[in-house]
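Residue-level listing of the chains:
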Amino acid sequence: MIYVVDVDHMSLAFVAGSEMQAAEIAGSRQFARAISRSCPDRRGAESSNYQPRVATVQERVAFYYVSAEFADSTADILVARIG
């Protein structure tokens, strides 16, 4: 399933197996680091407290488009900016 976290002026999407896993990912240090790369106001965050939501059809399409173009097969998770 594709989940989305809305951060300030953008939407970030990622794949998770369940809502519980999506919440764990969205609250992790790794996710906070991914956000800080795209959002200067969030730099240095140790963790995030964003609540993921299930992606809309349009967001899923955007995620698959971005992931097909940029995904690294060795990456544990792809966090893609979709909006």
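Residues numbered from 1 in each chain as written. Predicted model: local features only at pLDDT ≥ 70, side-chain atom pairs only at ≥ 80, totals over all residues. Heavy atoms only, no water.

**Here we look at the overall build of the protein chain**
Here is step 1 of the chain: The helix and strand tally for the protein chain stands at three helices and four strands.
Here is step 2 of the chain: Starting at the N terminus, the α and β elements of the protein chain follow one another as β-β-α-α-β-α-β.
Here is step 3 of the chain: Considering only contacts in the protein chain between residues 6 or more positions apart, those separated by 24 or more positions represent 52%.
Here is step 4 of the chain: As displayed, the protein chain has an accessible area near 5,400 Å², and 50% of this comes from carbon and sulfur atoms. (Helix = DSSP H or I, 4+ residues; strand = E, 2+ residues; numbered from the N terminus. Contact = heavy atoms within 4.5 Å. Areas by Shrake-Rupley, 256 points an atom, 1.4 Å probe, with all protein chains shown as cover.)

**Looking at the environment of F63**
Here is step 1 of the chain: With respect to the helices, strands and loops of the structure, F63 is situated in helix 3 (residues 57–70).
Here is step 2 of the chain: As a C-alpha pair, F63 and Y3 span 60 residues in sequence and 9.7 Å in three-dimensional space.
Here is step 3 of the chain: If near-sequence neighbours (up to four positions away) are discounted, F63 is found in contact with I2, A13, F14, V15, L78, A80 and I82.

**Some points on the pairing of strand 2 (residues 10–15)**
Here is step 1 of the chain: In terms of burial, strand 2 is largely enclosed, as five of its six residues are buried.
Here is step 2 of the chain: Of the strand pairs in this sheet, strand 1 (residues 2–7) and strand 2 are connected by six bridges, and their pairing is antiparallel. Bridge pairing links V4 to A13 in strand 2.
Here is step 3 of the chain: Here strand 1 folds back onto strand 2, and the loop between the two strands holds two residues, one of which, D8, carries a positive phi near 50°.
Here is step 4 of the chain: Inspection of the sheet shows strand 2 paired to strand 4 (residues 80–81) by two bridges, in the antiparallel sense. Opposite L12, over in strand 4, you have R81 as the bridge partner. (Buried < 20%, exposed > 50% of the residue type's maximum accessible area, 1.4 Å probe, protein only. Pairing = 2+ DSSP bridges.)

**Overview of helix 1 (residues 19–26)**
Here is step 1 of the chain: If you check which residues of helix 1 are buried, you get A22, I25 and A26. With its buried residues spanning 95° around the axis, helix 1 presents them on a single face. Residues of helix 1 that are exposed and angled more than 90 degrees away from the buried face: M20 and E24. (Arc of directions from axis to C-beta.)

**Focus on the pairing of strand 1**
Here is step 1 of the chain: The buried fraction of strand 1 amounts to five of the six residues, a majority that puts the element mostly inside the structure.
Here is step 2 of the chain: Pairing of strand 1 with strand 3 (residues 53–54), which is carried by two bridges, proceeds in the antiparallel orientation. Paired with V4 across the bridge in strand 3 is R53.

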